[in-house]
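Fold and geometry: a report
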Amino acid sequence: MTSNSDARARLLELIMELAVVRGKVTLSSGKEADYYVDLRRITLHHEASRLVGQVMLELLDGAGVEFATAGGLTMGADPVGTALMHAAGDAGREIDAFVVRKAQKSYGMGRQVEGPGVEGRDVVVLEDTSTTGGSALTAVEAVRRAGGNVKAVAVIVDRDTGAKERIENEAGVPYLFAYGKDELGLDD
């Protein structure tokens, strides 16, 4: 396992190299931006994914957040939760991952939150990045309906577009991020 400062520095290099795309783009929120941070190029990358788990675990530990399981709304959060679960396992810790479907299943067990279960457990909601906070808030609501105790929301990159304030106000939990847009040279 890489040292925390080395992991953080290397992940930042990889984000800058692989994930920052400059040019006009429309974000999932419908807003336009002059750049896009495509974090799936990181969370699904052979080297970067391991670093994501280490950096996110260190972020949460450093903030004193105690939790038993981590995940979020499917697609963006899935590889982040898996990376964190594996980093915790490498450190001898038992942290599970979960996936929140965009809508509750109408068949089978009818679950919206999939995995070992969140009921009665301390949970961290994850996302790769957030613009408005909408995906994370959807996940927070689903986890709470499933009986989970949401302790925090954590993202890899914060775009500084209001997600932190919205999540902290509406969900009433801390919003943590590993990197700000200033660290990526994305100041407007």
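Residues numbered from 1 in each chain as written. Predicted model: local features only at pLDDT ≥ 70, side-chain atom pairs only at ≥ 80, totals over all residues. Heavy atoms only, no water.

What to know about the side chain of serine 49
Relative to the elements of secondary structure, serine 49 occurs in helix α3 (residues 48-62). Setting aside its immediate chain neighbours within four residues, serine 49 contacts Ile42, Thr43 and Ala83. (Helix = DSSP H or I, 4+ residues; strand = E, 2+ residues; numbered from the N terminus. Contact = heavy atoms within 4.5 Å.)

A short note on α3
The first and last C-alpha atoms of α3 sit 20 Å apart over 15 residues, in line with the 21 Å expected at 1.5 Å per residue. Here α3 lies mainly inside the structure; 11 of its 15 residues are buried. Those residues of α3 that fall on the buried side of the exposure criterion are Ala48, Ser49, Leu51, Val52, Gly53, Gln54, Val55, Met56, Leu57, Leu59 and Leu60. In this structure, the buried residues of α3 make contact with α1 (4-19), α2 (40-43), α4 (78-90), β6 (122-130), β7 (149-158) and β8 (175-180). Of the residues flanking the end of α3, it is glycine 64, one or two places downstream, whose phi is positive at about 75 degrees. (Expected span 1.5 Å × (residues − 1). Buried < 20%, exposed > 50% of the residue type's maximum accessible area, 1.4 Å probe, protein only.)

Focus: the packing of aromatic side chains
What the rule picks out here adds up to 1 aromatic pair. Ring geometry for tyrosine 175 against phenylalanine 177: centres 6.3 Å apart, planes inclined by 50 degrees, an arrangement best described as tilted. Owing to a relative accessible area of 2%, tyrosine 175 belongs among the buried residues under this scheme. On the basis of relative accessible area, phenylalanine 177 is assigned to the partly exposed category, the value being 30%. (Phe/Tyr/Trp six-rings, centres within 6.5 Å; stacked < 30°, edge-to-face > 60°.)

A few points about the pairing of strand β2 (residues 32-37)
Put simply, side chains in a regular strand alternate between the two faces of the sheet. As judged from the 5 bridges shared by strand β1 (residues 20-26) and β2, these two strands associate in the antiparallel manner. Residue valine 21 lies in a different strand from β2, and its bridge partner there is tyrosine 36. Between β1 and the antiparallel strand that follows it, β2, lie 5 residues; glycine 30 among them carries a positive phi value of about 95 degrees. (Pairing = 2+ DSSP bridges.)

As for the pairing of strand β3 (residues 69-73)
For β3, a buried count of 5 out of 5 residues is recorded, marking the element as mostly surrounded by other parts of the structure. Examined bridge by bridge, β3 and strand β4 (residues 96-100) share 5 bridges and lie parallel to one another. Bridged to leucine 73 within β4 is valine 100. The sheet contact formed by β3 and β6 spans 3 bridges and is parallel. Paired with glycine 71 across the bridge in β6 is valine 125.

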